[in-house]
Amino acid sequence: MKKGLVSIIIPTKNSSRYLDECLAHIKSQSYKDIEIIIIDGKSQDMDKTIEIAKKYSCKILIFIPNVKKGLFDATKKRNYAATKARGEFIYHMDADMELSRNVVKEAIELCNNGFDAVILPEDSFGEGPWASAKNLERRFFWNDDTVESPRFFKKTVWDTLKGYDENIAGGGDDRDLYQKALERGYKVGRIKSLVMANEGKLTLIHLLKKQFMYKREVLKYIRKRPLISIKGYFPIRASHIRNWKIFISRPKDTFLFIIMKTAESIAGVFGVLYSLVKR
């Protein structure tokens, strides 16, 4: 297998409770030629974050994006960190994610076989009934082209695409970058190994707050890509119908999933309305 340095970029914001496990899983990758870049914006637990990052010999960047309070700053952090990356490949992940052992190896293999960017499928785990409902939802996302987006790129491709559109956040940033890659004719693949998201002790209130934040940003993406965004945000998806057996096999999680998605939709509407009022 052709080698190449992989730059893994992790924006942090009060993320120290997850970071140790995240970095331990990166260090346990079967593919070893990796640099880890932690980029923090002086979050409340920054000292602890830096302590953990040093334990794993990470490169540490401090960068405070100019964004309004309550809005996502990860897009700007990722773009900035990419300018400091030395790798031939770039992978953006979150601090609450844990990589199964062959994730990077499989992504490199796809790139060596003609792919320019790679989708890394996500699963999740956590405590409580809402974490189980969220796990059910994530499994519907597998192979759903309206949800999954690549986060692993050849650096030359990343540079050509000029990274994320910093005017878009809350999930639309990943989708927009994916569309830019397709428009340029780049080939996007998908590995089999999973990235596990650590949901922690998940509550419905946390999910609603997060959805409110996401939907405060959503109009920017809709205005840029109206047709594609309709598919991405429509509540009933083809993947729900295609994977109906999952609903049958997990009735309790299905019931909570319906409650969760209904509540998130309401929170999302309030997020959109709030963004319109604050324009």
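Parameters and conventions
Residues numbered from 1 in each chain as written. Predicted model: local features only at pLDDT ≥ 70, side-chain atom pairs only at ≥ 80, totals over all residues. Heavy atoms only, no water. Helix = DSSP H or I, 4+ residues; strand = E, 2+ residues; numbered from the N terminus. Contact = heavy atoms within 4.5 Å. Patch = residues over 30% accessible without salt bridge, like charges linked within 9 Å, V, L, I, M, F, W, Y side chains within 5 Å. Areas by Shrake-Rupley, 256 points an atom, 1.4 Å probe, with all protein chains shown as cover. Salt bridge = Lys/Arg side-chain N within 4 Å of Asp/Glu carboxyl O. Buried < 20%, exposed > 50% of the residue type's maximum accessible area, 1.4 Å probe, protein only. Pairing = 2+ DSSP bridges. Axes fitted to C-alpha atoms, helices over the stretch in contact; angles between N-to-C directions.

Caption draft 1: Molecular detail of the environment of R184. You can see R184 is positioned in the loop between α7 (172-183) and β9 (188-190). With 66 residues separating them in the primary sequence, R184 and R250 have C-alpha atoms 41 Å apart. Ignoring sequence-local partners within four residues, the contact set of R184 consists of T160 and L161.

Caption draft 2: Region of interest: a nonpolar patch on the surface. On the surface, a cluster of nonpolar side chains totalling about 470 Å² of accessible area is made up of I266, V269, F270, L273 and L276. Looking at the element boundaries, L276 is found in helix α12 (residues 251-277). Classification of L276 as partly exposed rests on a relative accessible area of 40%.

Caption draft 3: Representation of the environment of I37. Following the sequence through the fold, I37 ends up in strand β2 (residues 34-40). Each C-alpha atom, one on I37 and one on S57, is 9.5 Å from the other, the two residues being 20 residues apart in sequence. Every residue in contact with I37, bar those within four places of it in the chain, is listed here: I8, I9, I10, K59, L61, A81, K84 and A85.

Caption draft 4: Summary view of the sheet that holds strand β3 (residues 59-62). If you walk across this open sheet you meet the 7 strands as β3-β2-β1-β4-β8-β6-β9, and the pairing is mixed. Strand pairing shows two members of the sheet lacking a second neighbour, β3 and β9, which therefore form its edges. Between one strand and the next, the sheet's axes are offset by a mean angle of 20°, whatever the strand orientation. Relative to strand β8 (residues 152-154), strand β6 (residues 117-119) runs antiparallel, the two sharing 2 bridges. The residue bridging V118 from the neighbouring strand is F152, located in β8. Sheet contacts for helix α3 (residues 74-84): β1 (6-12), β2, β3 and β4 (89-92); angle to β1, the most-contacted strand, approximately 145°.

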